[in-house]
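Remarks on the overall topology
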Amino acid sequence: QVQLVESGGGLVQAGGSLRLSCAASGRTYSISRMGWYRQAPGKQRELVATTSNAGFTNYADSVKGRYTISRDIPKNTVDLQMNSLKSEDTAVYYCHAVGGGSIYWGQGTQVTVSS
């Protein structure tokens, strides 16, 4: 099993920045990919950004150029730097990990962008 704990959410004005962090524990050696998803009220959960152990990254079109994902494999952490935030970025952000044939989720952290 892998446990994921997020931190760093909060309230920010449009145009501002936030940094989310996620720390993994447990069978971290099995992790092959980590990333972030988000879910806005009334909407489905959607991919934000992911990164593999080999360093390949994938971003949603809506966040390209504004968000940056970074991973520290020895420390088992993945961060999401969010710049130029918009009201439509408001959502619960979930840390995500894939490994050993399983998918893991954090408990989520709220990001609210006021316009």
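**Brief notes about the side chain of histidine 96**
Its location among the elements puts histidine 96 in strand 9 (residues 91–99). Contacts of histidine 96, omitting those with residues within four sequence positions, involve Leu4, Arg33, Met34, Gly35, Tyr37, Ile103, Tyr104 and Trp105.

**So, the pattern of salt bridges**
This model, assessed by the stated rule, comprises 5 salt bridges. In this structure, arginine 19 and aspartate 79 form a salt bridge, with 3.3 Å as the shortest nitrogen-oxygen distance. With arginine 19 in strand 3 (residues 18–26) and aspartate 79 in strand 8 (residues 77–82), the pair connects residues that are 60 residues apart, well separated along the chain. Looking at arginine 19, the relative accessible area reads 41%, which means it is partly exposed.

**Topic: the environment of glycine 9**
Tracing the sequence through the fold places glycine 9 in the loop between strand 1 (2–7) and strand 2 (10–13). Residue class for glycine 9 comes out partly exposed when judged on its relative accessible area of 31%. For the pair glycine 9 and serine 70, spaced 61 residues apart in sequence, the C-alpha to C-alpha distance is 17 Å. Glycine 9 has contacts with Leu20, Thr109, Gln110 and Val111, leaving out every residue within four places of it along the chain.

**Examining the sheet that holds strand 1**
In spatial order, the strands read 1-3-8-7; together these 4 strands make up an open sheet with antiparallel pairing. In the strand order of this sheet, the two ends are held by strand 1 and strand 7 (67–72), each with one partner. Taken pair by pair, the neighbouring strands of this sheet meet at an average axis angle of 15 degrees, ignoring direction. Inspection of the sheet shows strand 1 paired to strand 3 by 6 bridges, in the antiparallel sense. Following the sheet pairing, valine 2 is matched in strand 3 by glycine 26.

**Quick notes on the packing of aromatic side chains**
The geometry of an aromatic ring pair is captured by two quantities: the separation of the ring centres and the angle between the planes. On inspection of all chains with the given rule, the structure shows 2 aromatic pairs. Residues tyrosine 37 and tryptophan 105 carry aromatic rings whose centres are separated by 5.1 Å and whose planes lie at 80 degrees to one another, so their mutual orientation is edge-to-face. Residue tyrosine 37 is located in strand 4 (residues 31–39), and its partner tryptophan 105 is located in strand 10 (residues 102–105); the two are separated by 68 residues in the primary sequence. Its relative accessible area of 18% is what places tyrosine 37 among the buried residues. Take tryptophan 105: its relative accessible area is 37%, and that puts it in the partly exposed class. Consider the rings of tyrosine 94 and tryptophan 105, whose centres lie 6.4 Å apart with planes at 90 degrees: the pair is edge-to-face. Remark: tryptophan 105 occurs in strand 10 and tyrosine 94 occurs in strand 9; sequence separation between them is 11 residues. Directly above the aromatic system of tryptophan 105 lies the positively charged group of arginine 45, at a separation of 4.6 Å from the ring centroid.

Quick notes on the rules
- Think of each chain on its own: its residues are numbered from 1, step by step along the sequence as written.
- Under the rules for a predicted model, residues below a pLDDT of 70 receive no local features and side-chain atom pairs below 80 are neither given nor counted, while totals for whole chains, interfaces and linings still include all residues.
- Only heavy atoms go into the side-chain values, all of them from the structure, while hydrogens and water stay out.
- Secondary structure follows DSSP: runs of H or I at least 4 residues long count as helices, runs of E at least 2 residues long count as strands, and numbering of each begins at the N terminus.
- Whether two residues are in contact is decided by their heavy atoms, any of which lying within 4.5 Å being enough.
- When a carboxyl oxygen of Asp or Glu is within 4 Å of a side-chain nitrogen of Lys or Arg, the pair counts as a salt bridge.
- Burial status follows relative accessibility: with a 1.4 Å probe on protein chains alone, a residue under 20% of its type maximum counts as buried, one over 50% as exposed, and anything between as partly exposed.
- Strand pairing is assigned whenever DSSP detects at least two bridges linking the two strands.
- For helices, the fitted line uses only the C-alpha atoms of the stretch in contact; every axis is such a line through C-alpha atoms, and the angle between N-to-C directions lies from 0 to 180 degrees.
- Think of it this way: a Phe, Tyr or Trp ring, Trp meaning its six-membered ring, pairs with another when their centres are within 6.5 Å, and the plane angle makes it stacked under 30 degrees, edge-to-face over 60, tilted otherwise.
- Counted as over-ring charges are cases with an Arg CZ or a Lys NZ within 6 Å of the ring centre that also lie within 35 degrees of the ring normal.

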